[in-house]
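One-letter residues, chain by chain:
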Amino acid sequence: MGYNPDKDFVQYAQAWEEKIQAFIEWRIGEELLPAPVTAAGNIPEEARTQIAGLPFAVKDNIAVRDLPLTCGSKLLEHFRSPYSAAVVRALEAAGGFVLGKTNLDEFGMGSSTDNSALKKTNNPWGIDRVAGGSSGGSAAAVAAGIVPYALGTDTGGSVRQPAAFCGVVGLKPTYGAVSRLGLVAYASSLESAGILADTTERCRAVFACIRGRDPQDETSHETPEAAPALYHAETGRAKKIGVLSPEAIARALAADATGSEALEIAVQASILEDEVRRGFELAQERLAGLGHTLAPVEIPSLKYGVPAYYTIATAEASANLARFDSIRYGARPDWAKNPEELIDKARDAGFGAEVKLRILLGTFVLRSGFQDRYYLRAQRIRAALRRDFESLLGDSGYTDTAKFDALLMPVFPSRAFGRGPSSLSAFAQKAADLYTCCANLAGLPALAFPASVEGGLPVGVQLMGRAWAEGTLLDIAEGYEQAFPFPHPEGFQAFWRQVCTKPL
Amino acid sequence: MEIRDLQETAALAHLLMSEQELREAFPAFEEMLSFFAVMQAADAQSGDADGGMAASSRVVNAGYFRPDAAPPAREDLSEDMLTKAGERDERFITIPNVL
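Note that the structure is a prediction, hence the values are computed from the model and not measured. (Residues numbered from 1 in each chain as written. Chains lettered and ligands numbered in written order. Predicted model: local features only at pLDDT ≥ 70, side-chain atom pairs only at ≥ 80, totals over all residues. Heavy atoms only, no water.)

### Looking at the side chain of Asp395(A)
All names here are of chain A. Note the cut-off: Numbering of helices and strands starts at the N terminus; helices are DSSP runs of H or I of at least 4 residues and strands are runs of E of at least 2. Summary of the burial criterion: residues with accessible area below 20% of their type's maximum are buried, those above 50% are exposed, and those between are partly exposed, where the area comes from a 1.4 Å probe applied to protein chains only. The contact definition used throughout considers only heavy atoms, calling two residues in contact when any of these lie within 4.5 Å.
Considering the arrangement of structural elements, one finds Asp395 in the loop between helix 13 (372-393) and strand 11 (406-410). Note on Asp395: relative accessible area 15%, which makes it buried. Excluding anything up to four places from it in sequence, Asp395 contacts Glu390, Asp400 and Arg466.

### So, unusual backbone geometry
Residues and elements named next belong to chain A. Omega for the peptide link from Gly133 to Ser134 comes to 10°, which places this bond in the cis form. Looking at the secondary structure, you find Ser134 in the loop between strand 5 (126-130) and helix 4 (136-143). Despite not being glycine, Gln21 has its phi angle at roughly 55°, a positive value. Checked against the element boundaries, Gln21 lands in the loop between helix 1 (7-20) and strand 1 (23-26). Despite not being glycine, Trp468 shows a phi value in the positive range, around 70°. Considering the arrangement of structural elements, one finds Trp468 in the loop between strand 13 (457-465) and helix 16 (470-483).

### Focus on the packing of aromatic side chains
All names here are of chain A. Note the following rule: Pairing of aromatic rings covers Phe, Tyr and Trp, the last through its six-membered ring, and needs centres within 6.5 Å; plane angles under 30 degrees mean stacked, over 60 mean edge-to-face, and all others mean tilted. Put simply, a charge is over a ring when the Lys NZ or the Arg CZ is close to the ring centre, within 6 Å, and near the line of the ring normal, within 35 degrees.
Applying the stated criterion across every chain, the model contains 24 aromatic pairs over all chains. Between Tyr12 and Phe495 the ring centres are 4.9 Å apart and the planes differ by 45°, which places this aromatic pair in the tilted class. Placement of the pair is Tyr12 in helix 1 and Phe495 in the segment after helix 16, with a sequence separation of 483 residues. Judged by relative accessible area, which is 7%, Tyr12 ranks as buried. On the basis of relative accessible area, Phe495 is assigned to the buried category, the value being 15%. Ring geometry for Phe370 and Tyr374: centres 6.4 Å apart, planes at 35°, overall tilted. For Phe370, a relative accessible area of 21% translates into the label partly exposed. What links up through ring pairs into an aromatic cluster is the set Phe79, Phe107, Phe324, Tyr329 and Phe351. When the ring centre of Trp16 is taken as origin, the NZ or CZ atom of Lys19, which lies over that ring, is 4.3 Å away. In this structure, Arg204 packs its charged tip against the face of Tyr231, placed 5.8 Å from the ring centre.

### Remarks on the packing of helix 1 (residues 3-12) of chain B against helix 2 (residues 19-36) of chain B
Residues and elements named next belong to chain B. Stated formally: With axes taken as lines fitted to C-alpha atoms, and helix axes fitted only over the stretch in contact, angles between N-to-C directions fall between 0 and 180 degrees. Working definition: roughly parallel below 35 degrees, roughly antiparallel above 145 degrees, roughly perpendicular at 65 to 115 degrees, and oblique for all remaining angles.
Packing of helix 1 against helix 2 leaves a shortest axis separation of 10 Å and a crossing angle of 105°. By the angle between their axes, helix 1 is roughly perpendicular relative to helix 2. Of helix 2, the residues touching helix 1 (which contributes Ile3, Leu6, Gln7 and Ala10) are Leu22, Arg23, Phe26 and Phe29.

### Overview of the pattern of salt bridges
Basically, it comes down to this: The term salt bridge refers to a side-chain nitrogen of Lys or Arg lying within 4 Å of a carboxyl oxygen of Asp or Glu.
With the rule as written, the count across this model stands at 32 salt bridges over all chains. With a closest N to O distance of 2.8 Å, Asp114(A) and Arg419(A) form a salt bridge. Here Asp114(A) is found in the loop between strand 3 (97-102) and strand 4 (122-123), whereas its partner Arg419(A) is found in the loop between strand 11 and helix 14 (426-431), with 305 residues between them in sequence. On the basis of relative accessible area, Arg419(A) is assigned to the partly exposed category, the value being 27%. Across the pair Arg386(A) and Glu390(A) runs a salt bridge whose closest N-O atoms are separated by 3.2 Å. Of this pair, Arg386(A) and Glu390(A) are both found in helix 13, four residues apart, which corresponds to roughly one turn of the helix. What makes Glu390(A) partly exposed here is its relative accessible area of 23%. Salt bridges sharing partners connect three or more residues here, namely Arg367(A), Glu2(B), Arg4(B) and Glu8(B).

### Some thoughts on the sheet that holds strand 6 (residues 149-154) of chain A
Through backbone hydrogen bonds, the strands of a sheet pair up, either in parallel or in antiparallel fashion. Residue and element names in this part refer to chain A. Applicable threshold: At least two DSSP bridges between two strands are required for those strands to pair.
Strand order in the open sheet formed by 11 strands is 1-3-2-6-8-7-12-13-11-9-10, with mixed pairing between adjacent strands. Both outer strands of the open sheet, strand 1 and strand 10 (293-297), are each paired with one neighbouring strand and no more. Adjacent strand axes in the sheet meet at a mean angle of 30° when their direction is disregarded. Note: strand 9 (residues 240-244) against strand 10, five bridges, orientation parallel. Bridged to Val243 within strand 10 is Pro296. The sheet strands contacting helix 9 (residues 274-289) are strand 9, strand 10, strand 11, strand 12 (446-454) and strand 13, and the helix crosses strand 12 at an angle near 110°.

Now the structure itself:
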């Protein structure tokens, strides 16, 4: 079935949106005709049928022509994009069309979507809880069944963590597998466009459509021939899966924590909530039951992952966000005495507190005399992390044999958290990124999918793979989904189960 | 780390933050820096038999970093240029009739 804005669906979507506030702007109820399919020849038939004629949502830091591009910031509240991102154009060429732009933490900086300057997004599983972040609007829209899939961006877990919080599939592709043209840059060496989808099959289809080299993005690449196929790989083969022990990581962190209050908080934040631990253990049992071989692994350098990640991410953010000065981009103050004051006033009024904090941190770690202590050290840790992962998963050039097909780990130490005094502090939210940010530091693909529902909320787990091996991760998750269908929140209706089987 | 350091950093980042705002941001800033300090322990591993972290580094040259100072445009574009301009009429500059 194609997009059919009939009364039932419009009412359904509006009722959900009133509760979850996923969209910054949407075109619900409008008669939207999909663009003619122009890229059918480049996309496998299996993929096209999952996309053609269906709407999708786009995180509001990805450009869609004539729609807002606010990045969840006051600074860009009235900005509309003059062009569409490469990923959006690819999906439109396959017959998909944009229903609307979704809410996010300002410039992608956060783990709750509450850092948006424009609105708060609620979790469809419990509206008193956050949807996760920073792609919280996209995850909530998919979980509620308003769209079958949505685009997000993942800099340190921003697709996978909200996917886990909302009970949907979330893919962060290999760095360079998907064009970044049209993404508003936050940390260029870490981020990539990602997918939030209702099913593994849909996620695979969207990835098949958007991957590949883009001449306008020099960091993008074609998938190497030696990489596992996305479709028609040897089906049913049992995989070797390394299991990362959260307890070992917490112990390693605790060993360095003596005397530091911040590190004590980081250690606490890394410990899995009981329900998450149960979900993680259940996923291991189920994967073993499906015939996969599981074995424990340790990655010693992982304990330095979060500080290294935030050092590099904030350093890159301080440079990337320099363009928001009201001269190149951003709302301009009514008046200023000189250009310096114009820039200062615009940035002061436009950026929220979290963005300012990260710019301050990034500027500080790049200051004379501090570069060795922070930025260069973080880069060395990043290289070591990548080497540790390659020793388990094999290198990106496919010149060696992998010990494991994938690594299994939690996505986030807690389920979707609530708001108010019992919520995670801003610092604890950052420290809790330890399971997600390592894939960005190493540039590797990672896939989050719902493992179970514990205490009324979904628990996601994550598979990380060798560079360009998204197909392997999707195969494992698809097998899991077939045996243990993914859950949905109360009130969910499956409008997108049927797919278009004929060319439009 | 003192609030003055944060003030200087804010100026370099073109963030016109009030003293109150800086004071509010200071604890979170310090908390993150003390978290970053854990990376120092990674250096101790650089002597490990497996090569450690230093041996695996492929990092940028420190010489590529920007100077820790305001860009030259700051002076060229602000006071100097404005002092050479004509007289002001509130928010406007009066241009003398030449012809």
